[in-house]
Amino acid sequence: MATETHSIRSLGPFATASGMYENLKCHVRSNQSNLVRVGVIGYGYWGPNVVRNLHSLENCQIVAICDQNPASLRRASQGFPGIELTTGASELLTSPQIDAIAVVTPVWTHFELAKSALQNGKHVFVEKPFTSTLGQADELIELAERKRLKIMVDHTFLFSGAVRKIRELVDNGALGELYYFDSTRVNLGLFQHDVNVVWDLAPHDLSIMDYIIRAKPEAVVATGGRHLNGLADVAFITVYFPNNVVAHINVNWLSPVKVRTTLIGGEKKMLVWNDVEPDEKIKVYDKGVQISNGKGVYELLVSYRSGDIWAPKVEQTEALKVELEYFIDCILNDRTPFNDGAAGWRVVKVLEAADQSLKERGRIITL
(Lines give C-alpha, C1' and ligand atoms only; values in the text may rest on other atoms or scores of the structure.)
Protein backbone atom coordinates (compact mmCIF):
# COMPACT_ATOMS: atom_id res chain seq x y z
CA MET A 1 0.00 0.00 0.00
CA ALA A 2 1.26 3.47 -0.82
CA THR A 3 2.91 5.51 1.90
CA GLU A 4 0.57 8.40 1.15
CA THR A 5 -2.49 6.32 2.02
CA HIS A 6 -0.90 5.13 5.27
CA SER A 7 -0.13 8.69 6.34
CA ILE A 8 -3.75 9.66 5.83
CA ARG A 9 -4.97 6.71 7.87
CA SER A 10 -2.55 7.58 10.64
CA LEU A 11 -4.17 10.96 11.20
CA GLY A 12 -7.26 11.51 13.31
CA PRO A 13 -10.51 12.90 11.82
CA PHE A 14 -9.99 16.60 11.14
CA ALA A 15 -13.59 17.55 10.33
CA THR A 16 -14.94 20.31 12.52
CA ALA A 17 -17.32 19.33 15.28
CA SER A 18 -20.06 21.64 13.98
CA GLY A 19 -19.93 20.11 10.51
CA MET A 20 -19.93 16.61 11.92
CA TYR A 21 -22.94 17.29 14.10
CA GLU A 22 -24.88 18.53 11.11
CA ASN A 23 -24.24 15.15 9.47
CA LEU A 24 -25.34 13.34 12.61
CA LYS A 25 -28.54 15.36 12.77
CA CYS A 26 -29.42 14.65 9.15
CA HIS A 27 -32.16 12.05 9.23
CA VAL A 28 -32.01 11.05 5.57
CA ARG A 29 -34.46 13.70 4.46
CA SER A 30 -33.21 13.76 0.88
CA ASN A 31 -34.06 10.11 0.15
CA GLN A 32 -37.22 9.37 2.08
CA SER A 33 -38.36 6.82 -0.50
CA ASN A 34 -35.13 4.83 -0.19
CA LEU A 35 -34.64 1.89 2.09
CA VAL A 36 -31.48 0.11 3.21
CA ARG A 37 -32.02 -3.62 3.67
CA VAL A 38 -29.72 -5.06 6.32
CA GLY A 39 -28.64 -8.53 7.35
CA VAL A 40 -27.20 -8.95 10.87
CA ILE A 41 -24.62 -11.65 11.55
CA GLY A 42 -24.27 -12.31 15.26
CA TYR A 43 -26.97 -12.21 17.94
CA GLY A 44 -24.93 -12.80 21.09
CA TYR A 45 -24.00 -10.03 23.55
CA TRP A 46 -24.09 -6.90 21.35
CA GLY A 47 -26.17 -8.16 18.43
CA PRO A 48 -29.59 -7.67 20.09
CA ASN A 49 -28.75 -3.97 20.65
CA VAL A 50 -27.77 -3.55 17.00
CA VAL A 51 -30.95 -5.28 15.81
CA ARG A 52 -33.19 -3.29 18.17
CA ASN A 53 -31.82 0.03 16.98
CA LEU A 54 -31.79 -0.85 13.29
CA HIS A 55 -35.36 -2.08 13.60
CA SER A 56 -36.41 1.33 14.96
CA LEU A 57 -35.03 3.31 12.00
CA GLU A 58 -37.44 4.60 9.38
CA ASN A 59 -35.16 4.05 6.38
CA CYS A 60 -33.92 0.60 7.39
CA GLN A 61 -35.37 -2.90 7.07
CA ILE A 62 -33.79 -5.92 8.76
CA VAL A 63 -34.14 -8.77 6.27
CA ALA A 64 -32.47 -11.58 8.21
CA ILE A 65 -30.54 -12.43 11.38
CA CYS A 66 -27.82 -15.08 11.48
CA ASP A 67 -26.30 -16.84 14.47
CA GLN A 68 -24.80 -20.30 14.86
CA ASN A 69 -26.42 -20.72 18.28
CA PRO A 70 -30.06 -21.94 18.04
CA ALA A 71 -30.80 -20.45 21.49
CA SER A 72 -29.77 -17.02 20.22
CA LEU A 73 -32.06 -17.38 17.22
CA ARG A 74 -34.95 -18.35 19.51
CA ARG A 75 -34.40 -15.13 21.43
CA ALA A 76 -34.36 -13.20 18.16
CA SER A 77 -37.62 -14.81 17.03
CA GLN A 78 -39.31 -13.80 20.28
CA GLY A 79 -38.13 -10.23 20.08
CA PHE A 80 -38.52 -9.72 16.33
CA PRO A 81 -41.09 -12.09 14.86
CA GLY A 82 -41.28 -12.07 11.10
CA ILE A 83 -37.58 -11.54 10.45
CA GLU A 84 -35.87 -14.44 8.70
CA LEU A 85 -33.49 -16.46 10.87
CA THR A 86 -30.62 -18.69 9.78
CA THR A 87 -27.44 -20.35 11.02
CA GLY A 88 -25.76 -19.91 7.63
CA ALA A 89 -23.95 -16.61 7.12
CA SER A 90 -23.53 -17.26 3.38
CA GLU A 91 -27.29 -16.89 2.91
CA LEU A 92 -27.05 -13.27 4.05
CA LEU A 93 -23.72 -12.53 2.36
CA THR A 94 -24.93 -13.60 -1.08
CA SER A 95 -28.58 -12.53 -0.89
CA PRO A 96 -29.62 -9.98 -3.57
CA GLN A 97 -32.28 -8.78 -1.11
CA ILE A 98 -29.66 -7.36 1.28
CA ASP A 99 -27.79 -4.07 0.80
CA ALA A 100 -25.65 -4.00 3.96
CA ILE A 101 -24.26 -6.46 6.48
CA ALA A 102 -23.76 -5.81 10.18
CA VAL A 103 -20.94 -8.01 11.49
CA VAL A 104 -21.48 -8.42 15.24
CA THR A 105 -19.23 -11.41 15.90
CA PRO A 106 -15.84 -12.14 17.57
CA VAL A 107 -12.93 -10.18 16.10
CA TRP A 108 -11.24 -13.23 14.57
CA THR A 109 -14.26 -13.64 12.26
CA HIS A 110 -14.48 -9.99 11.14
CA PHE A 111 -12.11 -10.15 8.19
CA GLU A 112 -13.63 -13.10 6.33
CA LEU A 113 -17.22 -11.98 6.89
CA ALA A 114 -16.56 -8.34 5.93
CA LYS A 115 -14.49 -9.38 2.92
CA SER A 116 -17.25 -11.68 1.65
CA ALA A 117 -19.88 -8.96 2.18
CA LEU A 118 -17.83 -6.43 0.21
CA GLN A 119 -17.10 -8.93 -2.56
CA ASN A 120 -20.85 -9.45 -2.86
CA GLY A 121 -21.48 -5.71 -3.19
CA LYS A 122 -22.71 -4.99 0.33
CA HIS A 123 -21.86 -2.13 2.67
CA VAL A 124 -20.43 -3.22 6.01
CA PHE A 125 -20.92 -2.24 9.64
CA VAL A 126 -18.28 -4.00 11.78
CA GLU A 127 -18.13 -4.32 15.55
CA LYS A 128 -14.94 -3.04 17.19
CA PRO A 129 -12.09 -3.76 16.82
CA PHE A 130 -12.13 -3.56 13.02
CA THR A 131 -9.83 -6.53 12.33
CA SER A 132 -7.28 -8.80 14.01
CA THR A 133 -4.34 -7.40 12.03
CA LEU A 134 -3.35 -4.27 10.19
CA GLY A 135 -2.89 -6.25 6.98
CA GLN A 136 -6.51 -7.39 7.13
CA ALA A 137 -7.65 -3.79 7.63
CA ASP A 138 -5.61 -2.69 4.61
CA GLU A 139 -7.21 -5.34 2.42
CA LEU A 140 -10.78 -4.47 3.46
CA ILE A 141 -10.22 -0.75 2.94
CA GLU A 142 -8.80 -1.31 -0.55
CA LEU A 143 -11.66 -3.67 -1.44
CA ALA A 144 -14.31 -1.19 -0.25
CA GLU A 145 -12.68 1.62 -2.23
CA ARG A 146 -12.54 -0.53 -5.35
CA LYS A 147 -16.19 -1.57 -4.97
CA ARG A 148 -17.28 1.96 -3.95
CA LEU A 149 -18.85 0.62 -0.76
CA LYS A 150 -19.03 1.96 2.80
CA ILE A 151 -17.28 0.55 5.83
CA MET A 152 -18.27 1.77 9.28
CA VAL A 153 -16.48 0.53 12.40
CA ASP A 154 -18.61 0.39 15.53
CA HIS A 155 -16.83 2.98 17.68
CA THR A 156 -20.06 3.61 19.56
CA PHE A 157 -18.73 6.07 22.14
CA LEU A 158 -17.94 8.60 19.41
CA PHE A 159 -21.70 9.08 19.08
CA SER A 160 -22.40 9.55 22.78
CA GLY A 161 -23.45 12.97 23.95
CA ALA A 162 -20.49 13.14 26.33
CA VAL A 163 -17.78 12.46 23.75
CA ARG A 164 -19.39 14.77 21.21
CA LYS A 165 -19.45 17.51 23.85
CA ILE A 166 -15.78 16.90 24.69
CA ARG A 167 -14.88 17.14 20.99
CA GLU A 168 -16.84 20.40 20.76
CA LEU A 169 -15.00 21.87 23.77
CA VAL A 170 -11.61 20.88 22.35
CA ASP A 171 -12.47 22.26 18.90
CA ASN A 172 -13.66 25.53 20.43
CA GLY A 173 -10.40 25.90 22.33
CA ALA A 174 -12.10 25.82 25.73
CA LEU A 175 -9.35 23.62 27.21
CA GLY A 176 -6.51 25.33 25.38
CA GLU A 177 -3.52 23.36 24.12
CA LEU A 178 -3.91 19.71 25.16
CA TYR A 179 -1.44 18.21 27.63
CA TYR A 180 -2.73 14.71 28.35
CA PHE A 181 -5.54 12.16 27.95
CA ASP A 182 -5.89 9.72 30.87
CA SER A 183 -8.57 7.03 30.75
CA THR A 184 -9.54 4.23 33.14
CA ARG A 185 -11.88 1.43 32.03
CA VAL A 186 -11.99 -1.33 34.65
CA ASN A 187 -14.49 -3.87 35.90
CA LEU A 188 -14.74 -7.43 37.24
CA GLY A 189 -14.93 -9.27 33.88
CA LEU A 190 -16.25 -9.88 31.32
CA PHE A 191 -13.42 -12.33 30.55
CA GLN A 192 -12.96 -13.17 26.88
CA HIS A 193 -11.47 -16.41 25.57
CA ASP A 194 -10.19 -15.24 22.19
CA VAL A 195 -8.66 -11.80 22.93
CA ASN A 196 -6.89 -10.16 25.86
CA VAL A 197 -8.08 -7.13 27.80
CA VAL A 198 -6.24 -4.75 25.43
CA TRP A 199 -8.17 -5.92 22.37
CA ASP A 200 -11.42 -6.17 24.32
CA LEU A 201 -11.60 -2.86 26.20
CA ALA A 202 -8.93 -0.52 24.85
CA PRO A 203 -10.56 0.00 21.40
CA HIS A 204 -13.17 2.16 23.12
CA ASP A 205 -10.58 4.49 24.62
CA LEU A 206 -8.25 4.43 21.62
CA SER A 207 -11.08 5.45 19.29
CA ILE A 208 -12.02 8.29 21.67
CA MET A 209 -8.35 9.30 21.94
CA ASP A 210 -8.04 9.34 18.14
CA TYR A 211 -11.21 11.42 17.87
CA ILE A 212 -10.15 13.98 20.50
CA ILE A 213 -6.41 14.39 19.95
CA ARG A 214 -6.47 14.15 16.13
CA ALA A 215 -2.72 13.79 15.69
CA LYS A 216 -0.52 10.94 14.54
CA PRO A 217 0.83 8.95 17.52
CA GLU A 218 4.59 8.46 17.57
CA ALA A 219 5.16 5.56 19.97
CA VAL A 220 3.41 3.10 22.29
CA VAL A 221 4.44 1.42 25.54
CA ALA A 222 2.31 -1.23 27.28
CA THR A 223 2.77 -3.24 30.46
CA GLY A 224 0.44 -5.59 32.28
CA GLY A 225 -0.09 -9.14 33.42
CA ARG A 226 -1.97 -12.38 32.90
CA HIS A 227 -3.31 -14.12 35.95
CA LEU A 228 -6.11 -16.55 35.09
CA ASN A 229 -6.54 -17.87 31.53
CA GLY A 230 -3.21 -17.10 29.88
CA LEU A 231 -4.42 -13.83 28.36
CA ALA A 232 -3.51 -10.41 29.69
CA ASP A 233 -6.27 -9.28 32.05
CA VAL A 234 -4.62 -6.07 33.31
CA ALA A 235 -2.85 -3.57 31.04
CA PHE A 236 -1.48 -0.03 31.10
CA ILE A 237 -0.96 1.63 27.71
CA THR A 238 0.91 4.87 27.10
CA VAL A 239 0.73 6.60 23.72
CA TYR A 240 3.12 9.42 22.83
CA PHE A 241 2.13 12.24 20.47
CA PRO A 242 3.96 15.26 19.03
CA ASN A 243 4.16 18.47 21.10
CA ASN A 244 4.58 16.54 24.33
CA VAL A 245 0.97 15.30 24.36
CA VAL A 246 0.64 11.95 26.13
CA ALA A 247 -2.26 9.50 26.49
CA HIS A 248 -2.56 6.81 29.14
CA ILE A 249 -5.13 4.04 29.19
CA ASN A 250 -5.76 1.60 32.05
CA VAL A 251 -7.87 -1.48 31.23
CA ASN A 252 -8.57 -4.24 33.73
CA TRP A 253 -10.84 -7.28 34.05
CA LEU A 254 -9.89 -7.81 37.71
CA SER A 255 -11.20 -4.64 39.36
CA PRO A 256 -13.57 -4.90 42.35
CA VAL A 257 -15.39 -1.78 41.14
CA LYS A 258 -16.56 -0.48 37.79
CA VAL A 259 -14.75 2.69 36.76
CA ARG A 260 -15.25 4.58 33.50
CA THR A 261 -13.37 7.84 33.94
CA THR A 262 -11.39 10.02 31.53
CA LEU A 263 -9.32 13.06 32.48
CA ILE A 264 -8.20 15.54 29.83
CA GLY A 265 -5.75 18.24 30.81
CA GLY A 266 -5.25 21.41 28.84
CA GLU A 267 -3.37 24.67 29.06
CA LYS A 268 -6.50 26.63 30.04
CA LYS A 269 -8.85 24.14 31.68
CA MET A 270 -9.15 20.50 32.71
CA LEU A 271 -12.01 18.09 32.15
CA VAL A 272 -13.30 14.97 33.91
CA TRP A 273 -15.74 12.58 32.21
CA ASN A 274 -17.30 10.00 34.52
CA ASP A 275 -19.46 7.75 32.38
CA VAL A 276 -21.03 5.89 35.32
CA GLU A 277 -22.53 9.13 36.67
CA PRO A 278 -26.24 9.35 35.84
CA ASP A 279 -26.09 13.17 35.70
CA GLU A 280 -23.34 15.69 35.14
CA LYS A 281 -21.15 13.20 33.32
CA ILE A 282 -18.72 15.95 32.30
CA LYS A 283 -17.20 18.55 34.60
CA VAL A 284 -14.87 21.27 33.35
CA TYR A 285 -12.45 22.68 35.92
CA ASP A 286 -10.98 26.14 35.56
CA LYS A 287 -7.76 24.94 37.14
CA GLY A 288 -4.19 25.10 35.97
CA VAL A 289 -0.54 25.74 36.69
CA GLN A 290 1.69 28.57 35.48
CA ILE A 291 5.46 28.61 35.82
CA SER A 292 7.71 31.62 35.35
CA ASN A 293 11.41 32.24 35.98
CA GLY A 294 12.45 33.93 39.20
CA LYS A 295 15.45 36.11 39.80
CA GLY A 296 17.84 33.26 40.53
CA VAL A 297 19.05 30.78 37.95
CA TYR A 298 17.37 27.86 39.70
CA GLU A 299 14.29 29.67 40.90
CA LEU A 300 10.91 28.87 39.40
CA LEU A 301 7.78 30.74 40.34
CA VAL A 302 4.82 28.38 40.35
CA SER A 303 1.29 29.74 40.54
CA TYR A 304 -1.87 27.65 40.73
CA ARG A 305 -5.20 28.75 39.32
CA SER A 306 -8.41 27.42 40.85
CA GLY A 307 -11.62 28.79 39.42
CA ASP A 308 -15.17 27.63 38.76
CA ILE A 309 -16.40 24.13 37.98
CA TRP A 310 -18.82 23.84 35.07
CA ALA A 311 -21.02 20.88 34.10
CA PRO A 312 -22.08 21.36 30.46
CA LYS A 313 -25.34 19.90 29.23
CA VAL A 314 -24.87 16.52 27.56
CA GLU A 315 -27.31 15.03 25.05
CA GLN A 316 -28.85 11.82 26.40
CA THR A 317 -29.79 9.99 23.19
CA GLU A 318 -28.63 6.38 22.81
CA ALA A 319 -25.25 6.45 21.07
CA LEU A 320 -25.77 3.24 19.09
CA LYS A 321 -29.03 4.51 17.61
CA VAL A 322 -27.35 7.75 16.50
CA GLU A 323 -24.48 5.76 15.01
CA LEU A 324 -26.68 3.34 13.07
CA GLU A 325 -28.87 6.17 11.81
CA TYR A 326 -25.67 7.83 10.58
CA PHE A 327 -24.63 4.56 8.88
CA ILE A 328 -27.93 4.40 6.96
CA ASP A 329 -27.61 8.10 6.07
CA CYS A 330 -24.07 7.60 4.72
CA ILE A 331 -25.29 4.80 2.45
CA LEU A 332 -28.34 6.63 1.14
CA ASN A 333 -26.56 9.95 0.62
CA ASP A 334 -23.15 8.57 -0.43
CA ARG A 335 -21.19 10.04 2.48
CA THR A 336 -17.93 8.72 3.91
CA PRO A 337 -18.35 7.99 7.65
CA PHE A 338 -15.80 9.62 9.94
CA ASN A 339 -15.60 6.25 11.75
CA ASP A 340 -14.74 4.46 8.51
CA GLY A 341 -12.20 1.76 7.75
CA ALA A 342 -9.35 4.26 8.08
CA ALA A 343 -10.49 5.10 11.62
CA GLY A 344 -10.60 1.40 12.42
CA TRP A 345 -7.13 1.01 10.86
CA ARG A 346 -5.68 3.66 13.17
CA VAL A 347 -7.04 1.89 16.26
CA VAL A 348 -5.77 -1.53 15.11
CA LYS A 349 -2.33 -0.02 14.50
CA VAL A 350 -2.07 1.09 18.14
CA LEU A 351 -3.55 -2.22 19.37
CA GLU A 352 -0.90 -4.20 17.50
CA ALA A 353 1.86 -2.00 18.89
CA ALA A 354 0.48 -2.25 22.44
CA ASP A 355 0.23 -6.04 22.14
CA GLN A 356 3.82 -6.26 20.96
CA SER A 357 5.06 -4.00 23.75
CA LEU A 358 3.06 -5.98 26.31
CA LYS A 359 4.65 -9.26 25.19
CA GLU A 360 8.11 -7.67 25.46
CA ARG A 361 7.47 -6.29 28.97
CA GLY A 362 7.13 -2.65 28.07
CA ARG A 363 9.52 -2.15 25.16
CA ILE A 364 8.77 1.13 23.39
CA ILE A 365 7.27 0.53 19.93
CA THR A 366 7.75 3.30 17.40
CA LEU A 367 4.82 3.87 15.08
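Anyway, here's the lowdown on the structure attached to this text. By convention here, each chain's residues receive numbers from 1 onward along its written sequence. Local features in this predicted model are restricted to residues whose pLDDT is 70 or higher, and side-chain atom pairs enter the listing and the counts only when it is 80 or higher, whereas totals over whole chains, interfaces and linings include all residues. No hydrogens and no water enter the side-chain calculation; it runs on all heavy atoms of the structure.

1. Observations concerning the overall build of the chain
For step 1, the next point in the chain: Strands are runs of DSSP state E lasting at least two residues, helices are runs of H or I lasting at least four, and both sets are numbered from the N terminus onward. When helices and strands are counted, the chain shows eleven helices and 15 strands.
For step 2, the next point in the chain: Under the scheme applied here, a residue whose accessible area is under 20% of the maximum for its type counts as buried, over 50% as exposed, and between as partly exposed, the area being computed with a 1.4 Å probe on protein chains only. The proportion of buried residues among the 367 residues of the chain is 53%.
For step 3, the next point in the chain: Residue contacts are counted whenever heavy atoms from the two residues lie within 4.5 Å of one another. Taking all contacts inside the chain whose residues are at least 6 apart in sequence as the whole, residues at least 24 apart take part in 69%.
For step 4, the next point in the chain: By element, 50% of the accessible surface of the chain is carried by carbon and sulfur atoms, the whole surface being about 17300 Å². Computed by Shrake-Rupley with a 1.4 Å probe, the accessible areas treat only the displayed protein chains as cover when residues are assessed.

2. Observations concerning the packing of helix α7 (residues 134-147) against helix α11 (residues 341-359)
For step 1, the next point in the chain: Here α7 crosses α11 at 170°, and the two axes come no closer than 9 Å. Between α7 and α11, the crossing angle belongs to the class labelled roughly antiparallel. Across the interface between the two elements, Leu134, Ala137, Asp138 and Ile141 of α7 pack against Gly341, Ala342, Trp345, Val348, Lys349 and Glu352 of α11.
For step 2, the next point in the chain: Residue composition of the contact of α7 with α11, by class: six nonpolar, one polar and three charged. Helix axes are fitted to C-alpha atoms over the stretch in contact, other axes to C-alpha atoms as well, and angles between N-to-C directions run from 0 to 180 degrees. Angular relationships are summarised with four words: roughly parallel below 35 degrees, roughly antiparallel beyond 145, roughly perpendicular across 65 to 115, and oblique for the angles in between. Charged means Asp, Glu, Lys or Arg here, nonpolar means Ala, Val, Leu, Ile, Met, Phe, Trp, Tyr, Cys or Pro, and polar covers whatever is left, Gly included.

3. A few points about a nonpolar patch on the surface
For step 1, the next point in the chain: Exposure above 30% relative accessible area and the absence of a salt bridge qualify a residue for a patch, where like charges join within 9 Å and nonpolar side chains (Val, Leu, Ile, Met, Phe, Trp, Tyr) within 5 Å. Salt bridge, as used here, is a side-chain nitrogen of Lys or Arg placed within 4 Å of a carboxyl oxygen of Asp or Glu. Together, Val289, Ile291, Val302 and Tyr304 make up a nonpolar patch on the protein surface, roughly 440 Å² of accessible area in all.
For step 2, the next point in the chain: The set of elements that each furnish at least two residues to the nonpolar patch consists of β13 (282-293) and β14 (300-310).
For step 3, the next point in the chain: In this fold, Val302 is placed in strand β14.
For step 4, the next point in the chain: Residue Val302 is classed as partly exposed on the basis of its relative accessible area, which comes to 40%.

4. Observations regarding the side chain of Asn53
For step 1, the next point in the chain: As for its position among the elements, Asn53 is in helix α3 (residues 47-55).
For step 2, the next point in the chain: The class of Asn53 is buried, set by a relative accessible area of 2%.
For step 3, the next point in the chain: Ignoring any residue separated from it by four or fewer positions in sequence, one finds Asn53 in contact with Glu318, Leu320, Lys321 and Leu324.

5. Here we look at the environment of Thr366
For step 1, the next point in the chain: Relative to the helices and strands, Thr366 resides in strand β15 (residues 365-366).
For step 2, the next point in the chain: As a C-alpha pair, Thr366 and Tyr240 span 126 residues in sequence and 9.4 Å in three-dimensional space.
For step 3, the next point in the chain: Once residues lying within four places of it in the same chain are set aside, the contact partners of Thr366 are Glu218 and Ala219.

6. Considerations on the sheet that holds strand β3 (residues 84-86)
For step 1, the next point in the chain: Pairing between two strands is assigned when DSSP locates at least 2 bridges connecting them. Strand order in this open sheet of six strands is β3-β2-β1-β4-β5-β6, and the pairing throughout is parallel. Each edge of the open sheet is held by one strand with a lone partner, namely β3 and β6 (151-154). Averaged over all pairs of adjacent strands, the angle between their axes in this sheet comes to 20°, without regard to strand direction.
For step 2, the next point in the chain: Bridging between strand β2 (residues 60-66) and β3 involves three bridges; their strand directions are parallel.

7. Quick word on the pattern of salt bridges
For step 1, the next point in the chain: The final tally for this structure, using the stated rule, is 13 salt bridges.
For step 2, the next point in the chain: Close ionic contact of Glu139 with Lys115 constitutes a salt bridge, the shortest N to O distance being 2.9 Å. Here Glu139 is found in helix α7, whereas its partner Lys115 is found in helix α6 (residues 107-119), with 24 residues between them in sequence.
For step 3, the next point in the chain: For Lys115, a relative accessible area of 21% corresponds to the partly exposed category.
For step 4, the next point in the chain: With a shortest N-O distance of 2.9 Å, Arg214 and Asp171 are connected by a salt bridge.

8. Remarks on unusual backbone geometry
For step 1, the next point in the chain: A cis amide bond links Lys128 to the next residue, Pro129, at an omega of -15°.
For step 2, the next point in the chain: Its location among the elements puts Pro129 in the loop between β5 (123-127) and α7.
For step 3, the next point in the chain: In this chain, Gly189 is followed by Leu190 through a cis amide linkage whose omega measures -5°.
For step 4, the next point in the chain: Backbone geometry at Arg148 places phi at a positive 60°, although glycine is not the residue there.
For step 5, the next point in the chain: Here Arg148 is to be found in the loop between α7 and β6.
For step 6, the next point in the chain: Of note, the phi angle at Arg361 is positive, near 55°, even though the residue is not glycine.
For step 7, the next point in the chain: Considering the arrangement of structural elements, one finds Arg361 in the loop between α11 and β15.
For step 8, the next point in the chain: Among the residues examined, Arg361 registers a relative accessible area of 78% and is labelled exposed.

9. Observations regarding the pairing of strand β7 (residues 178-188)
For step 1, the next point in the chain: Pairing analysis gives nine bridges linking β7 to strand β11 (residues 254-266), with the strands arranged antiparallel. Paired with Asp182 across the strands is Leu263, a residue of β11.
For step 2, the next point in the chain: Bridge analysis of β7 against strand β10 (residues 246-252) gives seven bridges, and the strand direction is parallel. Pairing of Phe181 across the sheet is with Ala247, part of β10.

10. With respect to the nonpolar core
For step 1, the next point in the chain: Ranked by internal contacts, the top residues of the largest apolar core, which has 108 residues, are Val38, Leu54, Phe130, Val198, Ile237, Leu271 and Trp273.
For step 2, the next point in the chain: In terms of residue count, helix α9 (residues 197-213) provides more of this core than any other element does, eleven residues in total.
For step 3, the next point in the chain: Setting aside anything within four residues of it in sequence, one finds Val38 in contact with Leu54, Cys60, Gln61, Ile62, Val63, Ala64, Ile98, Ala100, Ala102 and Ile328. Definition of nonpolar core: a set of buried residues of the types Ala, Val, Leu, Ile, Met, Phe, Trp, Tyr and Cys, connected through side-chain atoms within 4.5 Å.

11. Side note on the environment of Val36
For step 1, the next point in the chain: Looking at the element boundaries, Val36 is found in strand β1 (residues 36-41).
For step 2, the next point in the chain: Residue Val36 is classed as buried on the basis of its relative accessible area, which comes to 2%.
For step 3, the next point in the chain: Spatially, the C-alpha atom of Val36 lies 6.7 Å from that of Ile328, the residues being 292 residues apart in sequence.
For step 4, the next point in the chain: With near-sequence residues (within four places) excluded, Val36 lies in contact with Asn59, Cys60, Gln61, Asp99, Ala100, Ile328, Ile331 and Leu332.

Don't take any of this as a statement about function, it's just geometry.
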